[in-house]
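Structural overview
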Amino acid sequence: MNEFVYVSGRHCLDFAGTILWRRTLRTELLEKPEDLRHWVDGANLCDEMDPPSSDSVADAQHLREAIYSAVTASLTGSAHRATQDEVSLLNITARGPLPSLTLSRERDTTSAGSPDNVLSLLARDTIELIGSAEMTKVKECSNPDCTRLFVDLSRGFSRRWCGMAECGNRIKAADYRRRKKLQSID
Ligand SMILES: [Zn+2]
């Protein structure tokens, strides 16, 4: 099963990150119904989700690409524009019912619903993000191969990497090796 990371600070951006390295070694992590279930569990989006089908996976992939397109189109200085189909898919999906939320007398809360309900939640999250001031804080990871998006909530607005373990360390290690090499040439 594919492993997921949740480092974007926003569900819709973590979801967009289920394709890795979009411009180079494009890698799909959402391949099977189990992957979708696993991603939703990790994101804590729905405690009791109905079993996803392969159609759910296709719908999820389709929505994810609309999310990625709409968010990248909203990045400061972006020349990209989302297509009408992508925008319509987001709007139609966002209009759908969301997972239900139940409170017990023991104060436990449980969310339950279908994979479609979860997709509606993600579409809403995307539209809310794009319409909010938080959108100006969305960045793409500084690792040129990584295409992960995240919300930079750092104090100095100085976050560069999607997650240190994934990208920052790797780039820093490469810099370090390069410096070492230069030193040994000196
Ligand atoms: Zn990265």
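Residues numbered from 1 in each chain as written. Predicted model: local features only at pLDDT ≥ 70, side-chain atom pairs only at ≥ 80, totals over all residues. Heavy atoms only, no water.

1. Topic: the packing of helix 4 (residues 84-94) against helix 5 (residues 115-130)
Running from amino to carboxyl end, helix 4 crosses helix 5 at an angle of 120 degrees, the nearest separation of the two axes being 7 Å. Looking at the two axes, helix 4 sits oblique to helix 5. Viewed along their axes, helix 4 and helix 5 form a crossing whose handedness is left-handed. When helix 4 is examined against helix 5, the residues Leu90, Asn91, Thr93 and Ala94 are found in contact with a partner set consisting of Leu119, Ser120, Ala123, Arg124, Thr126 and Ile127. Looking at the contact of helix 4 with helix 5 residue by residue, the class counts come to 5 nonpolar, 4 polar and 1 charged. (Axes fitted to C-alpha atoms, helices over the stretch in contact; angles between N-to-C directions. Helix = DSSP H or I, 4+ residues; strand = E, 2+ residues; numbered from the N terminus. Parallel < 35°, antiparallel > 145°, perpendicular 65-115°, else oblique. Left-handed = near helix turned anticlockwise from the far one by under 90°. Contact = heavy atoms within 4.5 Å. Nonpolar A, V, L, I, M, F, W, Y, C, P; charged D, E, K, R; others polar.)

2. Brief notes about helix 2 (residues 33-43)
Where helix 2 is concerned, the buried positions are Asp35, Leu36, Trp39, Val40 and Ala43. Seen from one end, helix 2 has its buried residues packed into an arc of 130 degrees, which puts them on one side. Summarising the contacts, the buried residues of helix 2 are in contact with helix 1 (11-16), strand 3 (48-49), helix 3 (54-73) and helix 5. The first or second residue beyond helix 2 is asparagine 44, which carries a positive phi of 60 degrees. (Buried < 20%, exposed > 50% of the residue type's maximum accessible area, 1.4 Å probe, protein only. Arc of directions from axis to C-beta.)

3. Side note on the pattern of salt bridges
Oppositely charged side chains can form a pair if their charged atoms are brought close together. For the structure on display, the rule yields 11 salt bridges. Its salt-bridge partner being glutamate 134, residue arginine 10 comes within 3.1 Å of it at the nearest N-O pair. A residue pair is termed long-range when its members are at least 10 positions apart, and arginine 10 in the segment before helix 1 and glutamate 134 in the loop between helix 5 and strand 6 (138-140) qualify at 124 residues. Judged by relative accessible area, which is 24%, glutamate 134 ranks as partly exposed. The network of salt bridges with shared partners includes Arg10, Arg124, Asp125, Glu128 and Glu134. (Salt bridge = Lys/Arg side-chain N within 4 Å of Asp/Glu carboxyl O.)

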